[in-house]
Number of protein chains: 2
Amino acid sequence: MDQNKIPQATAKRLPLYYRFLNNLNQQGKSRVSSKELSEAVKVDSATIRRDFSYFGALGKKGYGYNVEYLLEFFRKTLDQDEVTEVALIGAGNLGTAFLKYNFMKNNNIVIKMAFDASAEKVGEDIGGVPIYHIDEMEERMDGIQVAILTIPAGETDGVTERLVDYGVTGILNFTPARITVPEHIRVHHIDLAVELQALVYFLKHYPLENE
Amino acid sequence: MDQNKIPQATAKRLPLYYRFLNNLNQQGKSRVSSKELSEAVKVDSATIRRDFSYFGALGKKGYGYNVEYLLEFFRKTLDQDEVTEVALIGAGNLGTAFLKYNFMKNNNIVIKMAFDASAEKVGEDIGGVPIYHIDEMEERMDGIQVAILTIPAGETDGVTERLVDYGVTGILNFTPARITVPEHIRVHHIDLAVELQALVYFLKHYPLENE
DNA sequence: AGAAAGTCGTTACCCATTTCACAATTTAAT
DNA sequence: ATTAAATTGTGAAATGGGTAACGACTTTCT
C-alpha cells in the first residue's frame, strides 16, 4: 500500500531474490554481491542493484549486501509475516502438483482448500489440503481472496463467474481460456500451450540469442 | 530464420491468436475485426493490428481479416506443417498434466516420450506417451531438440547438464532452480511459486490497477 | 449513386524497463 | 599508511513495447 513506486517488473523478481537469499542464509553465507546474485538468478547485476535501491540503500559500497539484513528486510516488505490463504479450483494433475508444493517455506502462502467436481476426489486430502465438492465453493471459501484455476477449459467461464460473484480479488488462471472479469479483479494467465509453442517458435526464428 | 524483425512480445501472442482463429474457423466464422479479436483475447486492438502488420498487410480496410486466410498464413509462419517433437523429463503430477494435454490440435507439437526415475512409472503409458527410465535418456532421445523439465528441484542441475551434453537447443524449465546453460541454448522459466507470490504481492500493493 | 459507417495500417508519441558507466565509498593488501 | 581492488547507487541513454489518432480505403445503407 505504501510502496507504490516499485515497478511491477521489480516486484516480480522479488520472490526470486527472496528464495535465493534464503538458500544463501541456510548455507551460512553472510555476505553477497550483486554480481554473485546475478549469476545465480540470471538477472543483470545492474538490474538487481536498481531493484534493491527502490527500497533504499540496502548495501554497502565495496562490500555488497548483508544476507541476513536483506532477508529480514524483504520478509517484512513482502508481507511475509501475514500468511496468505488461497483456494485451488480443480484437483486434476496440475492442481495436485500445486497441492503437493509447499508454498509456506519461502512464500508464506498456504492453499487452504481445494474444490473439484469429481465425486471420487471429494473428501480426499492431498498434501494436507481438504477437497470439497465445487458446489460448496461459495459457502466454504470463508474470506479467501485468491483462487488458482486449474480446471478444464470448458468449465472456465461458469466457475469464473461464480468466483467473481463470490468476491475474489485475484485469480491465477491456468486454463487456456481468456476470462472476462470486472476491472478491479486481477488475473494472471499462465498458458502452458502458449509457453511451449513460444519456446519452439523462438528456437526456430531466433536461433542464437537469449531471451 | 527470415522474420527476424518480429518483436518477442508479438511472437508470444501468436499462439494465442492462432488458437482463437481456429475456434472461429470451426464455428464457421469467415471474417473478424481486430476489435472482436481484442475482446476475445484481451489484447488491445491497436496492438493486434500492429502485431499482424509485422507480417505484411493481412487485412482489408473497412472489412477486417479473413479468418481462413489468416489461419493459413499463420500455419505456415508458425511452421505448423512440421510437427515439433519434444521430450518430457519428470512424470510427476505436473508432468502428467502435460502428457494428458493434446498439443497437436492447435500447436502441432507432440510429446514423443517421457523419462522418470521412479521404477513404478517406467513402462507405463500416459496419454499415449511411453515412459522410460531416466538412465536411458541420451540413447532414447534420438534427435529431439526440446525438453520440458518437470522434475524435483534437487535433480535439476544434474539432468540439465546431461541435456546440454546430449545437445538440446531449448528447455522449458518448471523447476524453481535457475539453470546454467551455454549461450546457444534457450531456456524459458516458469516458476509456479513466483507466479503465485507475484499475484499476491500485486493484490496487496496495487489493489485496483490491472496488469 | 452518394453518404455513412467500419476498419486497417501506420505515424507519432508515450511509458516502463534495462543497461552503461562512473563517482563515491569501503575493504583488503602490501 | 598507502595503494589497489571491490562494489554500491544512480544519472543518463538506450531499448522495447503499447496506444491514441487519423488518413485511406472498403463496405453497407438509403
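## Thoughts on the pairing of strand β6 (residues 129–133) of chain B
All names here are of chain B. Examined bridge by bridge, strand β4 (residues 109–116) and β6 share 3 bridges and lie parallel to one another. Paired with Phe115 across the two strands is Tyr132, which belongs to β6. Where strand β5 (residues 125–126) and β6 come together, 2 bridges link them in antiparallel fashion. From the neighbouring strand, Asp125 faces β6, where its bridge partner is Pro130. Adjacent in sequence and paired antiparallel, β5 and β6 are bridged by 2 residues, among which Gly127 carries a positive phi angle near 55 degrees.

## Section: the domain arrangement of chain A
All names here are of chain A. Entries for chain A in the domain assignment read domain 1 (8–77) and domain 2 (84–194). Between domain 1 and domain 2, the C-alpha centre-to-centre distance is 31 Å. Between domain 1 and domain 2, the contact holds 5 residues from the first and 4 residues from the second. Approximately 400 Å² of surface area, both sides summed, lies buried where domain 1 meets domain 2, with 34% of it carried by carbon and sulfur atoms.

## Here's the deal with the side chain of Arg19 of chain A
When you line up the elements, Arg19 of chain A lands in helix α1 (residues 8–26). Accessibility expressed as a relative area gives 11% for Arg19 of chain A, which makes it buried. For Arg19 of chain A, the side chain forms a polar contact with the side chain of Asp191 of chain B, separated by 2.4 Å. Residue contacts for Arg19 of chain A: discarding those within four places in its chain leaves Tyr101 and Asn106 of chain A together with Pro176, Asp191, Ala193 and Val194 of chain B.

## What about the packing of aromatic side chains?
All names here are of chain A. Applying the stated rule across the entire model yields 22 aromatic pairs over all chains. By way of ring pairs, the aromatic residues Tyr17, Phe52, Phe55, Tyr65, Phe73 and Phe74 are connected into one cluster. The aromatic ring of Tyr63 is capped on one face by Lys60, whose charged end is 5.7 Å from the ring centroid.

## What about the relation of the copies chain A and chain B?
Under the fitted operation, chain A is carried onto chain B by 0.0 Å of movement along the axis and a turn of 179 degrees, and the coordinates agree to an RMSD of 0.2 Å. Overall, the copies show the geometry of a two-fold rotation axis. Comparing interface residues between copies, 100% of those in chain A also lie at the interface in chain B; the contact surface is shared.

## Observations concerning the nonpolar core
Ile111 and Ile148 of chain A together with Ile111 and Ile148 of chain B are the most contacted members of the largest nonpolar core, which has 50 residues in total. Excluding its chain neighbours within four sequence positions, the residues that come into contact with Ile148 of chain A are Val86, Ala87, Leu88, Ile89, Phe98, Ile111, Leu172 and Phe174 of chain A together with Leu196 of chain B.

## Some remarks on the protein's contact with DNA strand C
Close to DNA strand C lie 27 residues, the nearest being Arg13 and Arg50 of chain A together with Ser34, Arg50 and Gly62 of chain B. The sugar-phosphate backbone supplies 64% of the atoms of DNA strand C found within 4 Å of the protein. Contact distances for DNA strand C include 2.9 Å between a phosphate oxygen and a backbone N or O atom of Gly59 of chain B. The backbone of Gly62 of chain B places a nitrogen or oxygen atom 3.1 Å from a base nitrogen of DNA strand C. Looking at the surface near DNA strand C, the elements with two or more residues in it are α1 and α3 (45–53) of chain A together with α3 (45–53) of chain B. Residues belonging to the surface near DNA strand C are distributed by class as follows: 7 nonpolar, 9 polar and 11 charged.

About the criteria used
Within each chain, residues carry numbers counting from 1 in the order of the written sequence. Chain labels run from A onward and ligand labels from 1 onward, assigned in the order the entries are written. Totals for whole chains, interfaces and linings use every residue, but because this is a predicted model, local features are given only for residues with pLDDT of at least 70 and side-chain atom pairs only at 80 or more, for both listing and counting. Side-chain metrics in this entry use all non-hydrogen atoms of the structure; hydrogen atoms and water are not considered. Paired strands, in this sense, are two strands between which DSSP finds at least two bridges. Here a strand is any run of E in DSSP of at least two residues, a helix any run of H or I of at least four, and the numbering for each starts at the N terminus. Domain delimitation follows an automatic or database domain assignment. Every residue pair with non-hydrogen atoms within 4.5 Å of one another is taken to be in contact. Two parts placed together each lose some accessible area under a 1.4 Å probe, and adding up what both lose gives the buried area. Residue exposure (1.4 Å probe, protein chains only): buried if accessible area is under 20% of the type maximum, exposed if over 50%, otherwise partly exposed. Under this definition, polar contacts are N or O atom pairs within 3.5 Å; protein pairs additionally need one hydrogen-donor-capable and one acceptor-capable atom, and for neighbouring residues in sequence, both atoms have to be side-chain atoms. Pairing of aromatic rings covers Phe, Tyr and the six-membered ring of Trp, with a centre-to-centre limit of 6.5 Å; geometry is then stacked below 30 degrees between planes, edge-to-face above 60, and tilted otherwise. Ring-over charges, as used throughout, are those where CZ of Arg or NZ of Lys falls within 6 Å of the ring centre and within 35 degrees of the ring normal. Here the copies are matched by least squares. The fit uses the C-alpha atoms of residues with pLDDT of at least 70 in both. Buried Ala, Val, Leu, Ile, Met, Phe, Trp, Tyr and Cys residues that are joined via side-chain atoms within 4.5 Å together make up what is termed a nonpolar core. Nearness here has a simple test: a residue counts as near a molecule or strand if at least one of its heavy atoms is within 4 Å of that partner. Here the nonpolar group is Ala, Val, Leu, Ile, Met, Phe, Trp, Tyr, Cys and Pro; Asp, Glu, Lys and Arg are the charged ones; every other residue, Gly included, is treated as polar.

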